[in-house]
Amino acid sequence: MRICLPLAALVLWLLPVLECHAKLAILTTFAPVHCLTSNVAGDAADVSVLVPPNAGPHDYSFSPADIQKIAKADVLVMNGAGLENWIKRGIKGAGKK
């Protein structure tokens, strides 16, 4: 519930932007975060996942295509409890903050 409220607030805050533009591109780190984000965003965003279903966030390594996904995303949603510390390298590699 602690993650859901900030995520819902973010999506609601971005809805006025969505009325003028294409759908928001949201990238999530792994499957459980993707499921939560998809349910909160609904049809207001295109939600994709970085870590494929057959891999876990603990042993994940980036491909060049993953860096491109990060660069194209409007929003990146992650667990935030230190599980995805590796994402910082990908964000930096994609030229994002």
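For the structure itself, look to the data block above.
Conventions adopted
Along each chain, the written sequence defines residue order, and numbers are assigned to residues from 1. Two thresholds apply to this predicted model, a pLDDT of at least 70 for residue-level local features and 80 or more for giving and counting side-chain atom pairs, whereas whole-chain, interface and lining totals are computed over all residues. Hydrogen atoms and water are omitted, and side-chain values are computed over all heavy atoms in the structure. At least two DSSP bridges between two strands are required for those strands to pair. By definition, any uninterrupted DSSP run of H or I lasting at least four residues is a helix, any uninterrupted run of E lasting at least two residues is a strand, and each is numbered from the N terminus. In this description, a line fitted to the C-alpha atoms serves as the axis of each element, helices being fitted only across the stretch in contact, and the angle between N-to-C directions of two axes falls anywhere from 0 to 180 degrees. Note on definitions: a residue-residue contact is assigned when non-hydrogen atoms from the two residues lie within 4.5 Å. Think of it in three bands: with a 1.4 Å probe and only protein chains considered, a residue is buried below 20% of the maximum accessible area for its type, exposed above 50%, and partly exposed in between. Any pair of N or O atoms that falls within 3.5 Å is considered a polar contact. Within protein, one atom must be able to donate a hydrogen and the other to accept it, and sequence-neighbouring residues count only if both atoms are side-chain atoms. Classification of ring pairs rests on two measures: the distance between centres of Phe, Tyr or Trp rings, Trp counted by its six-membered ring, which must be within 6.5 Å, and the angle between planes, read as stacked under 30 degrees, edge-to-face over 60 and tilted in between.

Novice: Where do I start with the sheet that holds strand β2 (residues 45–49) in this structure?
Specialist: Strands sit in the order β2-β1-β3 across an open sheet of 3 strands; the sheet is parallel. The open sheet has two edge strands, β2 and β3 (75–77), and neither has a second partner. Averaged over all pairs of adjacent strands, the angle between their axes in this sheet comes to 25°, without regard to strand direction. Of the pairings in the sheet, the one linking strand β1 (residues 24–28) to β3 comprises 3 bridges and is parallel in character. Pairing of T28 across the sheet is with V77, part of β3. Running over the sheet, helix α2 (residues 31–41) touches β1, β2 and β3 and is turned about 175° from β2.

Novice: Which parts of the structure should I look at to understand the side chain of T28?
Specialist: Counting through the fold element by element, T28 comes out in strand β1. Apart from the residues within four sequence positions on either side, T28 is in contact with V33, H34, T37, V47, S48, V49, L50 and V77.

Novice: I tried to follow the environment of E84 on my own but got confused; where do I start?
Specialist: Following the sequence through the fold, E84 ends up in the loop between β3 and α4 (87–93). Among the residues examined, E84 registers a relative accessible area of 2% and is labelled buried. C-alpha separation for the pair E84 and T29, spaced 55 residues apart in sequence, amounts to 7.6 Å. With residues up to four places along the chain from it excluded, the contact list for E84 reads T29, F30, V33, M78 and N79. Separated by 2.6 Å, the side chains of E84 and T29 make a polar contact.

Novice: What's the story with the packing of aromatic side chains in this structure? I'm lost.
Specialist: The description of an aromatic ring pair rests on the distance of the ring centres and on the angle between the ring planes. Evaluated as defined, the whole model comprises 3 aromatic pairs. Ring geometry for Y60 versus W86: centroids 5.0 Å apart, planes at 50°, classification tilted. With a gap of 26 residues between them, Y60 in the loop between β2 and α3 (64–72) and W86 in the loop between β3 and α4 connect regions that are remote in the sequence. For W86, a relative accessible area of 9% gives the class buried. A centroid spacing of 5.6 Å and a plane angle of 65° characterise the contact between F62 and W86, whose relative ring orientation is edge-to-face. Placement of the pair is F62 in the loop between β2 and α3 and W86 in the loop between β3 and α4, with a sequence separation of 24 residues. One aromatic cluster is present, formed by Y60, F62 and W86 through successive ring pairs.

Novice: Sorry if this is basic, but what is going on with the side chain of T37 here?
Specialist: Positionally, T37 belongs in helix α2. A polar contact of 2.8 Å, which involves the side chain of T37, links it to the backbone oxygen of V33.

Read these as geometric descriptors, not functional statements.
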